[in-house]
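Summary of structural features
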Amino acid sequence: MKISQDTKYWLQIALANGLGPARLSNLLERFGTVENICQQSVTALCNAGLTTTVAESLRSPAPARLDAALQWLEQTNHHLIHWGHSDYPPLLQESPQSPFVLFVAGNPILLSLPQIAIVGSRNATANGMATAALFAHHLSSSGFIVTSGMARGIDAAA
């Protein structure tokens, strides 16, 4: 699958250590697009409020992380959904702390359906894992999409 240049810019933004939603919003206000942000010098990014470490991370993503992310995106049914993308969940977009990218394995259209997240301990008991899986099964059978960040433990069981 061919990955668009726009997706590559969003990926570059996503891999920048220390760049959160508020900082990205400020950069977008100043530079207009993620393409313009990614093309700025470290000095210009620092002048826009980033630390040197964050600016350097944005300008030069770690090659191993970038390669791994690109390989992941090339797989069937793997997507990078970003702010403003037609598949980005509208209610999530309203949150001031919404993640600027979502790595989606599966059908991104499901993001617009009613969702619930089940979260808990990463070092869950066997009973906790079984309960999470049971809850997830019943909720998904009732029409909810169970969303997970895929952390080990309760998230993974759900």
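Residues numbered from 1 in each chain as written. Predicted model: local features only at pLDDT ≥ 70, side-chain atom pairs only at ≥ 80, totals over all residues. Heavy atoms only, no water.

Observations regarding the overall build of the protein chain
When its secondary structure is counted, the protein chain shows 9 helices and 4 strands. Shown N-terminal to C-terminal, the secondary structure of the protein chain runs as helices and strands in the order α-α-α-α-α-α-β-α-β-β-α-β-α. For the protein chain, the spread of C-alpha atoms along the principal axes amounts to about 55 × 30 × 30 Å. Taking as baseline every contact in the protein chain between residues at least 6 positions apart, the subset at least 24 positions apart corresponds to 58%. (Helix = DSSP H or I, 4+ residues; strand = E, 2+ residues; numbered from the N terminus. Contact = heavy atoms within 4.5 Å.)

Quick notes on the packing of aromatic side chains
Summed over all chains, the structure comprises 2 aromatic pairs. Ring centres 5.7 Å apart and planes at 75° place the aromatic pair tryptophan 72 and phenylalanine 103 in the edge-to-face group. Of the two residues, tryptophan 72 is situated in helix 6 (residues 63-73) and phenylalanine 103 in strand 2 (residues 101-105); the sequence distance between them amounts to 31 residues. For tryptophan 72, a relative accessible area of 24% translates into the label partly exposed. Taking the relative accessible area as the measure of exposure, phenylalanine 103 reaches 43% and is therefore partly exposed. Summarising the aromatic geometry, the rings of tryptophan 83 and phenylalanine 100 are spaced 5.8 Å apart at their centres and angled 80° between planes, so their arrangement reads as edge-to-face. With tryptophan 83 in the loop between strand 1 (78-82) and helix 7 (90-93) and phenylalanine 100 in the loop between helix 7 and strand 2, this pair connects stretches of sequence that are 17 residues apart. Tryptophan 83 gets classed as buried once you look at its relative accessible area, which sits at 13%. The class for phenylalanine 100 is buried, based on a relative accessible area of 7%. (Phe/Tyr/Trp six-rings, centres within 6.5 Å; stacked < 30°, edge-to-face > 60°. Buried < 20%, exposed > 50% of the residue type's maximum accessible area, 1.4 Å probe, protein only.)

Thoughts on the environment of leucine 19
For leucine 19, the position within the fold is in the loop between helix 1 (5-14) and helix 2 (21-31). Between the alpha carbons of leucine 19 and leucine 58 there is a distance of 8.2 Å; along the sequence they are 39 residues apart. If sequence neighbours within four positions are ignored, leucine 19 has contacts with Ile13, Leu24, Leu27, Leu50, Val54, Leu58 and Phe100.

Concerning the side chain of serine 57
With respect to the secondary-structure elements, serine 57 resides in helix 5 (residues 52-59). The contact partners of serine 57, leaving out residues within four places of it in the chain, are Leu15, Ala16 and Asn17.

Re the pairing of strand 1
Within a regular strand, side chains alternate between the sheet's two faces. With 4 of 5 residues buried, strand 1 is to be regarded as a mostly interior element. In terms of strand pairing, strand 1 meets strand 2 through 5 bridges, oriented antiparallel. By the bridge assignment for strand 2, histidine 78 is matched with alanine 105. (Pairing = 2+ DSSP bridges.)

Some remarks on the nonpolar core
By size, the foremost hydrophobic cluster in this structure holds 32 residues, and its most contacted members are Ile13, Leu19, Leu27 and Leu58. Broken down by secondary-structure element, the contributors of at least two residues to this core are helix 1, helix 2, helix 3 (34-38), helix 5, helix 6, strand 1 and strand 2. Counting residues per element, this core draws most heavily on helix 1, which supplies 4 residues. (Core = buried A, V, L, I, M, F, W, Y, C linked by side-chain atoms within 4.5 Å.)

Points about helix 2
When helix 2 is considered as a whole, its buried residues turn out to be Pro21, Leu24, Leu27 and Phe31. End-on view of helix 2: buried residues confined to an arc of 120°, all on one side of the axis. Buried residues belonging to helix 2 abut helix 1, helix 3, helix 4 (42-47) and helix 5. At the exit of helix 2 stands glycine 32, carrying a positive phi of roughly 90°. (Arc of directions from axis to C-beta.)

Quick look at the environment of leucine 28
Take leucine 28: it is sitting in helix 2. For the pair leucine 28 and leucine 73, spaced 45 residues apart in sequence, the C-alpha to C-alpha distance is 24 Å. With residues near it in sequence (within four places) discarded, leucine 28 still touches Thr33, Val34, Ile37 and Trp83.

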